[in-house]
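Architecture and fold: a report
What follows is each chain in one-letter form.
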Amino acid sequence: MDRENKHLDRRKFIKQAATGSAALFAAAAFPSIVPSSVFGKNAPSNRIHIGQIGFGRIAMTHDLPEVMKHDYVRVIGVADVDSKRLAQGKAWIEKYYADKGGKSSIDVKTYNDYKDLLANTDIDAIVISTPDHWHAQPAMEAAIAGKHVYLQKPTALTIKEGRMMADAVKKTGIKFQLGSQQRSVSPWPQFHRTCELVRNGRIGTLKRVIVGLPGDPAGGNPAEMPIPDNLNYDMWLGSTPMVPYTLDRVHSQTDIGSRPGWLRCEQFGAGMITGWGSHHIDIAHWGMGTELSGPLEAEGRATFPTTGLWNVHGDFEVEMLYPDNVVMQISGANPNGVRFEGTEGWIFVSRGNVGVTASDPTAAGGKEHESFKASDPKILQSEIGPNEIKLYKSPEQHTNWLECIKDGNQTISHAEIAHRSGSACLIAHTAMKLGRKLYWNAKKEKYKKDKEANNLLARDQRFPYGTEYVKGR
């Protein structure tokens with residue numbers, strides 16, 4: 001065998017891991033061919049090449065900085081349907097590397113269509129930081145293309161989309177991570193600590209979980225406006241219906257860091273019940289031990305705007321029943337966070353008076369509150385014994401994903417966990433919309449004897465966009 005054929009670098013291993021042949025390859029070749037010590041752990045052959053889909057406030061302020069801080073990562077491509085943001089993304093990434101002191105310049109490739117980015121065989125993994133209605137489809141397509149996926153929450157616009165996405169990830173074996181960063185110990189270790197204490201009975205038998213979420217205001221200008229030349233509006237709408245363009249329906253053309261209007265339109269998401277709910281309900285599931293199932297019943301009510309463009313829920317209250325008669329209560333009237341109540345005490349956990357980003361709504365009443373407290377301070381100091389439940393400990397959400405790509409381990413927020421927390425949020429939203437009790441079969445992922453509710457498990461998708469039209473699914 002000649003030298004060229006013997007040189008099989010680590011990045012090729014990453015690609016083979018994504019297509020399901022990692023075990024055979026690792027056992028037969030990887031340990032004895034070009035070990036990382038030969039060139040150093042950050043050698044080009046060891047790097048993970050990443051493509052960024054969507055360049056907005058979350059990509060710029062959160063996803064890209066957390067990924068790019070690792071020297072073994074290179075972001076080499078960016079895709080966006082807004083050519084202005086696409087150019088900003090290229091310039092931002094290249095400047096980041098230049099400021100970091102790179103010895104050679106990097107030419108970030110740009111793509112108006114993310115499918116062309118997925119076709120780039122040099123790319124190993126994808127970060128998706130797009131509006132909610134553009135989550136499930138590119139995640140599915142990336143998985144089918146053999147790319148590892150970091151996806152911003154929530155997983156999908158509907159429960160059916162989420163199931164299709166989770167199944168695609170399972171089938172392909174790629175490493176998937178949801179951006180539910182409260183699970184990782186950085187920057188908020190109190191969530192992991194809380195769930196471990198609850199799972200180990202430090203508050204007795206769990207009886208109730210109280211979740212507080214902020215709300216969104218009504219408003220928005222519905223007047224039709226000319227579509228900016230730099231925006232592929234048809235593709236931006238994706239699988240959702242064609243509606244007239246207006247600035248407050250999409251995103252700012254001048255301020256990339258501002259909160260975009262699409263977050264407040266039901267056409268593209270469900271509002272804060274999935275926005276913040278994907279974080280807090282995920283933590284509730286972790287503490288309850290129901291990460292791979294879901295509620296049994298759900299009942300809710302909410303007010304919805306009747307004027308203006310923005311129409312996601314305002315004030316709301318939802319109650320869901322889980323196995324073992326544990327009740328979850330969710331409301332905007334509660335302090336922003338999660339409170340676990342048991343027979344022997346309670347623990348409250350939150351980020352404090354912190355939004356997902358600086359432009360997000362904050363806690364109820366806008367007053368700062370403690371991020372970690374209990375009915376008895378001694379509960380918080382309790383030691384977890386060697387034979388007790390030890391929950392998965394991740395250093396930071398993006399870092400965990402990257403490490404799992406390298407070592408083949410499962411991520412802390414894998415696709416099935418992500419789908420189930422997203423489903424609970426959407427079940428709560430359906431209860432709010434219908435205003436009556438719903439009965440959920442978590443195994444079949446359907447409502448019991450409720451045609452109206454089951455009709456909301458999916459939405460019609462506008463061809464050629466949507467998970468229904470993904471090739472190779």
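This text follows the structure it describes.
Below, the structure is looked at part by part. In this text the structure is predicted, and so the values were computed from the model without any measurement.

Secondary structure assignment for the protein yields 17 helices and 15 strands. A total of 473 residues make up the protein; the buried ones form 57% of that total. Within the structure as shown, the protein displays about 20,300 Å² of accessible surface, and the carbon and sulfur contribution to it stands at 51%.

Right, let's talk about empty space enclosed by the protein for a bit. For the structure shown, the criterion picks out three cavities of 30 Å³ or more. Around the largest cavity, the lining comprises 37 residues; the ones closest to its centre are Ser129, Thr130, Pro131, Asp132 and Trp262. When residues of the lining of the largest cavity are traced back to their parent elements, those giving at least two are α5 (57–68), α11 (233–237) and α12 (272–275). A per-element tally of the lining of the largest cavity places α5 first, with three residues. Here the second largest cavity defines a volume of roughly 60 Å³. Along the lines of polarity and charge, the residues of the lining of the second largest cavity split into four nonpolar, four polar and three charged.

Between Lys153 and the following residue, Pro154, the backbone shows a cis peptide bond with an omega angle of -10°. Tracing the backbone shows Pro154 in the loop between β5 (148–151) and α9 (159–172). Omega for the bond connecting Phe463 with Pro464 falls within 30 degrees of zero, at 10°, which places this linkage in the cis form. Assignment of secondary structure puts Pro464 in the segment after α17 (451–454). Despite not being glycine, Asn325 has its phi angle at roughly 60°, a positive value. Mapped onto the secondary structure, Asn325 falls in the loop between β9 (316–322) and β10 (326–331). Although it is not a glycine, Glu445 sits at a positive phi angle of roughly 55°. Its place among the elements puts Glu445 in the loop between β14 (438–441) and β15 (446–447). Classification of Glu445 by relative accessible area gives buried; the value is 12%.

Read from one edge to the other, the open sheet built from nine strands follows the order β13-β12-β11-β7-β10-β9-β8-β14-β15, with strand pairing classed as mixed. The open sheet has two edge strands with one neighbour each: β13 (372–374) and β15. The pairing of strand β7 (residues 206–212) with β10 spans five bridges and is parallel. Bridge pairing in β10 links Arg208 to Val327.

Glancing now at the pattern of salt bridges. Following the criterion strictly, the structure yields 28 salt bridges and no others. Among the ionic contacts, a cluster of salt bridges with common partners joins Arg163, Asp167, Glu416, Arg420 and Glu445.

Strand order in the open sheet formed by six strands is β3-β2-β1-β4-β5-β6, with parallel pairing between adjacent strands. In this open sheet, the two strands that pair with only one neighbour each are β3 (109–111) and β6 (176–178). Going from strand to strand, the sheet's axes swing by 20° on average, the running direction of each strand aside. Summarising the sheet, strand β4 (residues 125–128) and β5 pair through four bridges and their orientation is parallel.

Counting 69 residues, the largest nonpolar core has Ile50, Phe176, Trp236 and Trp401 as the members making the most contacts within it. Sequence-distant contacts of Ile50, defined by excluding residues within four places in its chain, comprise Val67, Val73, Arg74, Val75, Ile76, Gly77, Ile123, Ala125, Val127, Trp401 and Leu402. Among the nonpolar cores identified, the runner-up in size contains 52 residues, and Cys195, Val211, Leu434 and Trp440 belong to it.

Here we come to the packing of aromatic side chains. Counting across every chain of the model gives eleven aromatic pairs. Between Trp236 and Phe268, the aromatic rings sit 4.8 Å apart at their centres with planes inclined by 70°, giving edge-to-face as the arrangement. Here Trp236, found in helix α11, pairs with Phe268, found in the loop between α11 and α12; they are 32 residues apart in sequence, far enough to count as distant. For Trp236, a relative accessible area of 4% gives the class buried. Phe268 sits in the buried class, given a relative accessible area of 0%.

What follows concerns the environment of Lys160. Mapping Lys160 onto the fold places it in helix α9. A relative accessible area of 39% means that Lys160 is categorised as partly exposed.

The next point concerns the side chain of Glu266. Turning to its location among the elements, Glu266 is positioned in the loop between α11 and α12. Since its relative accessible area comes to 14%, Glu266 is described here as buried. One polar contact links Glu266 to Lys433, side chain to side chain, over a distance of 2.9 Å. Once residues lying within four places of it in the same chain are set aside, the contact partners of Glu266 are Phe304, Asn311, Val312, His429, Lys433 and Arg459.

Let's shift gears to the packing of α9 against helix α16 (residues 415–434). The description of two packed helices rests on the angle between their axes and on the distance between the axes. Packing of α9 against α16 brings their axes to within 9 Å, and their N-to-C directions diverge by 175°. Relative to α16, α9 is oriented roughly antiparallel. Across from Ile159, Gly162, Arg163, Ala166 and Val169 in α9, the residues of α16 making contact are Ala415, Glu416, His419, Arg420, Ser423, Leu426 and Ile427.

The subject of this paragraph is the pairing of strand β8 (residues 297–302). In this structure, β8 lies alongside β9, joined through six bridges in antiparallel fashion. By the bridge assignment, Gly300 is partnered in β9 with Val318. As defined by bridge partners, β8 adjoins β14 across two bridges and the pair is classed as antiparallel. Of the residues in β14, the one forming a bridge with Ala298 is Leu438.

Taking every second residue as pointing to the same face, both faces of β4 are buried, with Ala125 and Val127 on one and Ile126 and Ile128 on the other. Where strand β1 (residues 48–53) meets β4, four bridges bridge the pair, whose relative direction is parallel. Within β4, the residue paired with Gly51 across the bridge is Ile126. Between the parallel pair β4 and β5, the chain is carried across by helix α8 (residues 136–144), and the sense of this crossover is right-handed.

Calculation criteria
Residues numbered from 1 in each chain as written. Predicted model: local features only at pLDDT ≥ 70, side-chain atom pairs only at ≥ 80, totals over all residues. Heavy atoms only, no water. Helix = DSSP H or I, 4+ residues; strand = E, 2+ residues; numbered from the N terminus. Buried < 20%, exposed > 50% of the residue type's maximum accessible area, 1.4 Å probe, protein only. Areas by Shrake-Rupley, 256 points an atom, 1.4 Å probe, with all protein chains shown as cover. 1 Å grid on protein atoms, 1.4 Å probe; cavity = no way out; pocket = protein on both sides within 12 Å on 5 of 7 lines; lining within 4 Å. Points joined across faces, edges and corners; volume = space filled by probe spheres on them. Nonpolar A, V, L, I, M, F, W, Y, C, P; charged D, E, K, R; others polar. Pairing = 2+ DSSP bridges. Salt bridge = Lys/Arg side-chain N within 4 Å of Asp/Glu carboxyl O. Axes fitted to C-alpha atoms, helices over the stretch in contact; angles between N-to-C directions. Core = buried A, V, L, I, M, F, W, Y, C linked by side-chain atoms within 4.5 Å. Contact = heavy atoms within 4.5 Å. Phe/Tyr/Trp six-rings, centres within 6.5 Å; stacked < 30°, edge-to-face > 60°. Polar contact = N/O pair within 3.5 Å; in protein donor to acceptor, adjacent residues only side chain to side chain. Parallel < 35°, antiparallel > 145°, perpendicular 65-115°, else oblique. Right-handed = clockwise from strand over helix to strand, strands pointing away.

Note that every value here comes from positions in space, so none of it alone points to a role or purpose.
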